[in-house]
Amino acid sequence: MARVLIVGAGLTGSLCAALLRREASSPLRLTVWDKAGDSGGRMTTASSPHNPQSTVDLGAQYITCTPHYAKTHQSFYDELLAGGILKPLISPIDGMVTKEGDCNFVAPHGVSSIINHYLKQSGADICFRQRVTQINLRDNKWEVSRETGSSEQFDIVVLTMPAPQILQLRGDITNLISECQRQQLESVSYSSRYALGLFYEAGTKIDVPWAGRYITSNPCIRFISIDNKKRNIESSEIGPSLVIHTTVPFGVTHLEHSTEDVQELIFKQLENIVPGLPQPVATKCQKWRHSQVTNAAANSLGQMTLHLQPLLVCGGDGFTQSNFDGCITSALCVLEALKNHI
């Protein structure tokens, strides 16, 4: 039974695992490693330490589907809508730019529920807090080393982490990346920002007319969402939760600052936008060093094959575009690259 390692439990990695399980002509042993403590990647949903039912989306807020992708990716949307994992976004988002024919969707159980749906479908062995450090060739297999735990051998490896993290890997992989591929990987650029999640006690009222709001005139804050309102969920037992996304210039300027200092700065600016907010019972500050892809790898067609025998493939939005459909496109391209090997 071929052993396949997928590095990264975000949307591309989880969907790759599910597609491989569906499409493989022979049995596979699928393993997913992620350096974080939970699944989701940049579609992560954080829970309040006081009430796990109180959640907030720290990454992607909602999914915009264009008429083109409504057709080409229809089966993916239909599956998620039928399962109640996605539903139409009906709550008011101030300042949202909508184009004719676009549909917006929200995940009622948090955006990471999409990732968990695909991981469950995949039946993969999922291990968190596994930071890959080296990839070496051993007896026509990949020996993959991690920060903690012993190295393991795999027949196929799929890397779905951001391009700069691929370039940081040590071992034989450094010599296997061609000069052209290295230039392509180095050309991938990302915006950086912070997200601050705020959790409130049950019964707390936040009296604003919107569920989400784009801010255009603040040097720190770009977007605010009342997450339960965005998902159109009201509960007397679960307190409201807020997420604040910073502007990219603020994120870049404060990238190496402590999250405590950054959180304080965000709070000061938040008071100007939503005065008189009550004190949250818990907070979660997330640094997105690699937030959205601003420049994807040129001519990579959704994936990059670094080695054929054994197979080593890279995927993710760095090879397409930084949205839901970009990740689906990449996962399908990775599947195509693997088809003759599974």
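How each quantity is defined
- Residues numbered from 1 in each chain as written.
- Predicted model: local features only at pLDDT ≥ 70, side-chain atom pairs only at ≥ 80, totals over all residues.
- Heavy atoms only, no water.
- Helix = DSSP H or I, 4+ residues; strand = E, 2+ residues; numbered from the N terminus.
- Rg over C-alpha atoms; globule rule 2.2 N^0.38 Å.
- Buried < 20%, exposed > 50% of the residue type's maximum accessible area, 1.4 Å probe, protein only.
- Contact = heavy atoms within 4.5 Å.
- Areas by Shrake-Rupley, 256 points an atom, 1.4 Å probe, with all protein chains shown as cover.
- Polar contact = N/O pair within 3.5 Å; in protein donor to acceptor, adjacent residues only side chain to side chain.
- Pairing = 2+ DSSP bridges.
- Axes fitted to C-alpha atoms, helices over the stretch in contact; angles between N-to-C directions.
- Salt bridge = Lys/Arg side-chain N within 4 Å of Asp/Glu carboxyl O.
- Expected span 1.5 Å × (residues − 1).
- Phe/Tyr/Trp six-rings, centres within 6.5 Å; stacked < 30°, edge-to-face > 60°.
- Parallel < 35°, antiparallel > 145°, perpendicular 65-115°, else oblique.
- Left-handed = near helix turned anticlockwise from the far one by under 90°.
- Nonpolar A, V, L, I, M, F, W, Y, C, P; charged D, E, K, R; others polar.

A. The arrangement of the overall build of the protein chain in detail. Scanning the protein chain from terminus to terminus reveals 11 helices and 22 strands. The globule rule puts the C-alpha radius of gyration for 342 residues at 20 Å, and the 20 Å found for the protein chain is close to it. With the C-alpha coordinates aligned to their principal axes, the bounding extent of the protein chain is approximately 65 × 45 × 40 Å. By residue count, 53% of the 342 residues in the protein chain fall in the buried class. Considering only contacts in the protein chain between residues 6 or more positions apart, those separated by 24 or more positions represent 72%. When the accessible surface of the protein chain is split by element, carbon and sulfur atoms take 48% of a total near 15500 Å².

B. Region of interest: the environment of Y214. Position of Y214 among the secondary structure elements: in strand β16 (residues 212-214). For Y214, a relative accessible area of 24% translates into the label partly exposed. Taking the C-alpha atoms as reference, Y214 lies 13 Å from Y62; in sequence the two are 152 residues apart. Leave out the neighbours within four places in its chain, and Y214 touches Y62, I93, D94, G95, M96, R222 and F223. A distance of 2.5 Å separates a polar atom in the side chain of Y214 from a polar atom in the side chain of Y62.

C. Geometry of the sheet that holds strand β12 (residues 152-154). Reading across from one edge, β10-β11-β12 is the order of the three strands in this open sheet, with antiparallel pairing throughout. Two strands lie at the open edges of the sheet, namely β10 (132-138) and β12, each paired on one side alone. Mean inter-strand twist for the sheet, computed between neighbouring axes without regard to direction, equals 30°. In terms of strand pairing, β10 meets strand β11 (residues 141-146) through six bridges, oriented antiparallel. By the bridge assignment, R138 is partnered in β11 with K141.

D. Representation of the sheet that holds β16. Taken together, six strands build an open sheet; the order of strands is β7-β16-β17-β18-β15-β19 and the sheet is mixed. The open sheet is flanked by β7 (93-94) and β19 (282-288), the only strands paired with a single partner. Looking at chain direction, strand β17 (residues 221-226) and strand β18 (residues 241-246) are connected through five bridges and run antiparallel. Its bridge partner being in β18, I224 is matched across the sheet by I244. Across the sheet, helix α10 (residues 259-273) lies against β15 (193-199), β16, β17, β18 and β19, angled at about 70° from β15, the strand it touches most.

E. Seen up close, the pattern of salt bridges. With the rule as written, the count across this model stands at 15 salt bridges. Ionic pairing is found between R22 and E79, a salt bridge with its closest N-O pair at 3.2 Å. Linking R22 in helix α1 (residues 11-23) with E79 in helix α3 (residues 74-82), this pair joins segments that are 57 residues apart in sequence. E79 sits in the partly exposed class, given a relative accessible area of 22%.

F. Focus on α1. Between its first and last C-alpha, α1 extends 18 Å over 13 residues, near the 18 Å set by a 1.5 Å rise per residue. Along α1, 10 of the 13 residues are buried, which leaves the element largely enclosed by surrounding structure. Of all the positions in α1, only L11, T12, G13, S14, L15, C16, A17, A18, L19 and L20 are classed as buried.

G. Quick look at the packing of aromatic side chains. Tallied over the entire structure, the rule returns four aromatic pairs. Arranged with centres 5.6 Å apart and planes meeting at 85°, the rings of W33 and F154 form a pair that is edge-to-face. Of this pair, W33 sits in strand β2 (residues 28-34) while F154 sits in strand β12, and the two are 121 residues apart along the sequence. Since its relative accessible area comes to 0%, F154 is described here as buried. For the pair Y77 and F105, a centre-to-centre distance of 5.6 Å together with 40° between the ring planes defines the contact as tilted. With Y77 in helix α3 and F105 in strand β8 (residues 103-106), this residue pair connects regions lying 28 residues apart in the sequence. Taken as a pair, Y77 and F105 share a single burial class, namely buried. Ring pairing ties together the aromatic residues Y77, F105 and F324, which thus form one cluster.

H. Representation of the packing of α1 against helix α11 (residues 324-338) within the structure. Two elements in contact, α1 and α11, have axes whose closest approach is 9 Å; the angle formed by their N-to-C orientations is 40°. Comparing their axes, α11 and α1 come out oblique. Handedness of the crossing formed by α1 with α11: right-handed. Judged by residue contacts, L11, T12, L15, C16, L19, L20 and E23 of α1 engage F324, C327, I328, S330, A331, L332, V334, L335 and L338 from α11. Class assignment for the residues of the contact of α1 with α11 results in 13 nonpolar, two polar and one charged.

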